[in-house]
Amino acid sequence: MIQEQVGRTIRRILGTNEVTFNIPPKREFGDFSTAVCLAQARVQKRPPLEIAQELAQELLKSKLPFIREVTVTPPGYVNFKIDHPKYVRSVIERVRRLGPQYGRTNVGRGRKVLVEHTNVNPNKAMHIGHLRNAVIGDSIVRILDRLGYTVEAANYIDDTGVQVADVVVGMLYLDEPRYNGKSEDMSDIWAKYDGKQPFDYWCWDLYARVSQEYETNEPLKAKRAEVLHLIEKRDNPVAKFAKELATRIVKAHLATVGRLNVYYDLLNWESDIYERGFWNAAFELLKQRGVIEFETEGPNAGCWVVRFGRGLVHTDEGIRSEDKILVRSNGTVTYTGKDIAYQMWKFGVLGRDFLYKLWGVQPNGKELWTTAPDGIESDRFGRADKVINVIDVRQSYTQQVVYDCLRRIGFVKEARNSIHLDYEVVVLSSAAAAELGAEVEDEGSGIQAMSGRKGLGVKGDDLINTMVNRVRDNVRSPESAEVLAAAAIRYFMSRISTGKMIVFDFDEALRTTGDTGVYCQYAHARACSILRKAGITQFGKVQVPENVTLPEQNLVKKIAEFPSVMRKAGRELSPTPLARYAFELATTFTDYYERPNPEASEQVPFIKIEDPVLRTYRLALVDTFRQCMANCLDALGIAPLEEI
RNA sequence: GCGCCUGUAGCUCAGUGGAUCAGAGCAUCUGACUUCGGAUCAGAGGGUCGGGGGUUCGAGUCCCUCCAGGCGCGCCA
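Residues numbered from 1 in each chain as written. Chains lettered and ligands numbered in written order. Predicted model: local features only at pLDDT ≥ 70, side-chain atom pairs only at ≥ 80, totals over all residues. Heavy atoms only, no water.

A.B. asks: Looking at this structure, I do not really get the pattern of salt bridges. What am I missing?
C.D. replies: A side chain with one charge may pair with a side chain of the opposite charge, provided their charged atoms come close. Under the defined criterion, the tally for this structure stands at 39 salt bridges. With a shortest N-O distance of 3.3 Å, Arg104 and Asp145 are connected by a salt bridge. Of this pair, Arg104 sits in the loop between helix H4 (84–98) and strand S5 (112–116) while Asp145 is found in helix H5 (residues 128–146), placing the two residues 41 residues apart along the sequence. Look at Arg104 and you get partly exposed, because its relative accessible area is 34%. Given the relative accessible area of 32%, Asp145 is considered partly exposed. With a shortest N-O distance of 3.2 Å, Lys357 and Asp374 are connected by a salt bridge. Of this pair, Lys357 sits in strand S13 (residues 356–361) while Asp374 sits in the loop between strand S14 (367–371) and strand S15 (386–392); the two residues are 17 residues apart in sequence, bridging distant segments of the chain. Taking the relative accessible area as the measure of exposure, Lys357 reaches 36% and is therefore partly exposed. The class of Asp374 is exposed, set by a relative accessible area of 55%. Taken together, the shared-partner salt bridges in this structure form one network comprising Arg104, Asp138, Arg142, Asp145, Arg146, Arg490 and Asp634. (Salt bridge = Lys/Arg side-chain N within 4 Å of Asp/Glu carboxyl O. Helix = DSSP H or I, 4+ residues; strand = E, 2+ residues; numbered from the N terminus. Buried < 20%, exposed > 50% of the residue type's maximum accessible area, 1.4 Å probe, protein only.)

Next comes the structure, spelled out in structure tokens:
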């Protein structure tokens, strides 16, 4: 906040729009500095040193509240020294006044953002790749919320796709007793699930079995098309069965991500997109605006297409058209087509809406709603100013097609406000894949994609369970183990930039030392423990000594950074800066804890300090840290532990 | 063929609109526990920031090019 204040003043004086700060190489120069005059030199065509000296003069005149001294060093840096006692007091007071609100701003006030994430096919257990999606998505929801946006978290459920159909085929036709094709009563089918393992785990294996069986069993594969067709037709026993199956899997998914504090506002079912005729509405609009054309010749004859690229192109697999097919020659609509309609709904420009029903209340106390054929009308969902779709990078092309179609229809603003938050996938190392019993096909690359069809992957719950087991022995309560495990996994998924592929490694993912969520939790719990033992809950007027030690200065400066880190995370749509910050904050606190006064021959524990003024001051800093860390962890979806 | 992403220490990764940025953790080695929580801390070794070129007073960061790896470009979903 102090740098922002200085930055504003410099912008006013120099008339520039960007001022950045950095830390000088030697402490004597100052607490922070700026090289803005070096950049200005070119613009003003004057020596940078001259500009810097004038700027320093002006800055001294404007009486910046927490600046004690402004100096200039060649070739033109302007350095600032902070009035530490004054500054420390203001930071302590600010954090205490704002409490859990510290780090929140209202830059997004009045703007609604719809963030859609998770979007896992409801036919099997989630794996760690799905976890990455959920963690990134939920973090973005939390970050944007703290920046003042109105945020709606949506989870799209594709309950009508082939993946669900495959598991339905498996349940109905793979083993005895087989479905007779018309009975309403499915109880003997449901009885195939023995309950020995979670339902989503059971389906994981079933899905892999069906997929393998397809390769040799043509009659079974024929059942897939039949089941798919019945699901799309709705209003028949198989469709009802599929919906029930998907619902049970969705419940399992919500339980899995719930362990990581991931929550939603709305579940959007693909079957309701059908039900409510979204595509028809979009199709009419596409035709009206001439975006879509009926092809009468060439490779796409009989299809409705949108013109893209340069027509015919060469690919590794031969020559094909770059035009995008939205309606196949058999009259069915493609996934991209449906997605265009759905994306329009998100902005409230489709002219049609879902019906809604309350799904339940989540552990965080917030209601979860779902779209439903027998729901009620409501105008509270969708209608967003900005839409963020959290989908892995492999969908980049399709997403761009969807957004471009919106633009062509005339929804230019909506297209511009459509953001594909693309992140890289989680893959297995060849070693990890082999450990899971996979036949590693490609020896050369050293990595192996997870595959639901092959049943190859690390299940999300398995990872969480393993982590819980690992920390269990060192915690004071079983609840702490669950929270600590969630912290470790969320942190692990958050600290790596979204653009980087995660080659999953158990040891790295389960590490509890060093740069981990466990370390951050530990620092927080330690602060809580100190305050508990000190017996202080309320701080009155805190007196700050004239000599603020270096560790104290560093801690205060770090705490003061928090709001700008939050803004950066929002700007970059990434939890990575916050994860990084949480760790830096923790190490800075540990420095302060270990050696609050490096000049002293002996370090006195805070709670044993005899001077009541110094004791209160040191403990107030501990409390300020505690609050900041709690807020940071909370933004990362990690519940801060007061005791481990 | 075209497009996107990635390449920083042995390993996993940070690195803000160019500067004072060669960083952290893990691993290795040496130290520190009757003290506020040792899942910690202090210290050491370890780098041509994939190669080359360019712009600039200054490039891990921007531009070009090459190399390596990954992904995408379906009448699949």
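Next, the rest of the story.
A.B. asks: Before we go on, may I ask you to explain the packing of aromatic side chains in this structure?
C.D. replies: Two measures describe an aromatic ring pair: the distance that separates the ring centres and the angle between the ring planes. All chains considered together, the criterion is met by 27 aromatic pairs. With a centroid separation of 6.0 Å and 25° between ring planes, the pair formed by Phe199 and Trp202 is classed as stacked. With Phe199 and Trp202 both in helix H8 (residues 199–214) and three residues apart, the pair spans about one turn of that helix. The class of Phe199 is buried, set by a relative accessible area of 9%. An aromatic cluster is built from Tyr156, Phe278, Tyr342, Trp345, Phe354, Tyr356, Trp369 and Phe381, whose rings are joined through pairwise contacts. A cation over an aromatic ring shows up here: Lys459 above the ring of Tyr201, its NZ or CZ 4.8 Å from the ring centre. A cation over an aromatic ring shows up here: Lys459 above the ring of Trp204, its NZ or CZ 4.7 Å from the ring centre. (Phe/Tyr/Trp six-rings, centres within 6.5 Å; stacked < 30°, edge-to-face > 60°. Lys NZ or Arg CZ within 6 Å of the ring centre and 35° of its normal.)

A.B. asks: Whenever I open this one, the side chain of Gln521 confuses me. Can you help?
C.D. replies: Examined against the element boundaries, Gln521 turns out to sit in helix H20 (residues 517–534). Separated by 2.8 Å, the side chain of Gln521 and the backbone nitrogen of Leu641 make a polar contact. Residues in contact with Gln521, not counting those within four places in the same chain, are Val483, Leu484, Ala487, Leu633, Ile638, Ala639, Pro640, Leu641 and Ile644. (Polar contact = N/O pair within 3.5 Å; in protein donor to acceptor, adjacent residues only side chain to side chain. Contact = heavy atoms within 4.5 Å.)

A.B. asks: Help me out: how do you make sense of the pairing of S14 in this one?
C.D. replies: In regular strands, side chains alternate between the two faces of the sheet. The buried fraction of S14 amounts to four of the five residues, a majority that puts the element mostly inside the structure. Relative to S14, strand S7 (residues 266–269) runs parallel, the two being bridged by two bridges. For Leu267, the partnering residue across the bridge sits in S14 and is Thr370. Pairing geometry for S13 and S14, over five bridges, is antiparallel. For Val361, the partnering residue across the bridge sits in S14 and is Glu367. Taken together, S13 and the strand that follows it, S14, pair antiparallel across an intervening segment of five residues, in which Gly365 is found at a positive phi of about 90°. (Pairing = 2+ DSSP bridges.)

A.B. asks: Where do I start with the sheet that holds strand S9 (residues 304–306) in this structure?
C.D. replies: Sheets are built from strands that pair by backbone hydrogen bonding, the pairs being arranged parallel or antiparallel. Spatially, the three strands line up as an open sheet ordered S8-S9-S12, and their pairing is antiparallel. In this open sheet, the two strands that pair with only one neighbour each are strand S8 (292–294) and strand S12 (324–327). This sheet shows a mean twist of 40° between the axes of neighbouring strands, independent of strand direction. Here three bridges tie S9 to S12, and the two strands are oriented antiparallel to one another. Across the sheet, Val305 pairs through a bridge with Ile325, a residue of S12. (Axes fitted to C-alpha atoms, helices over the stretch in contact; angles between N-to-C directions.)

A.B. asks: How do you make sense of the environment of Asn364 when you look at a structure like this?
C.D. replies: Locating Asn364 in the fold gives a position in the loop between S13 and S14. Owing to a relative accessible area of 37%, Asn364 belongs among the partly exposed residues under this scheme. Only 3.0 Å separates the side chain of Asn364 from the backbone nitrogen of Lys366, close enough to count as a polar contact.

A.B. asks: How do you make sense of the sheet that holds strand S17 (residues 426–429) when you look at a structure like this?
C.D. replies: Read from one edge to the other, the open sheet built from three strands follows the order S18-S17-S19, with strand pairing classed as mixed. Whereas interior strands pair on both sides, the edge strands pair on one side only; in this sheet they are strand S18 (447–449) and strand S19 (502–504). Strand-to-strand twist in this sheet, taken as the mean axis angle between neighbours without regard to direction, amounts to 45°. With three bridges connecting them, S17 and S19 associate as parallel partners. Bridge assignment links Leu428 to a residue of S19, and that residue is Phe504.

A.B. asks: Where do I start with the confidence of the model for chain A in this structure?
C.D. replies: Parts of the prediction with low pLDDT should not have their coordinates interpreted in detail. With 97% of its residues at a pLDDT of 70 or more, chain A has an overall mean of 91. This complex was scored by the predictor with a pTM of 0.95 and an ipTM of 0.95. (pLDDT = per-residue confidence, 0-100.)

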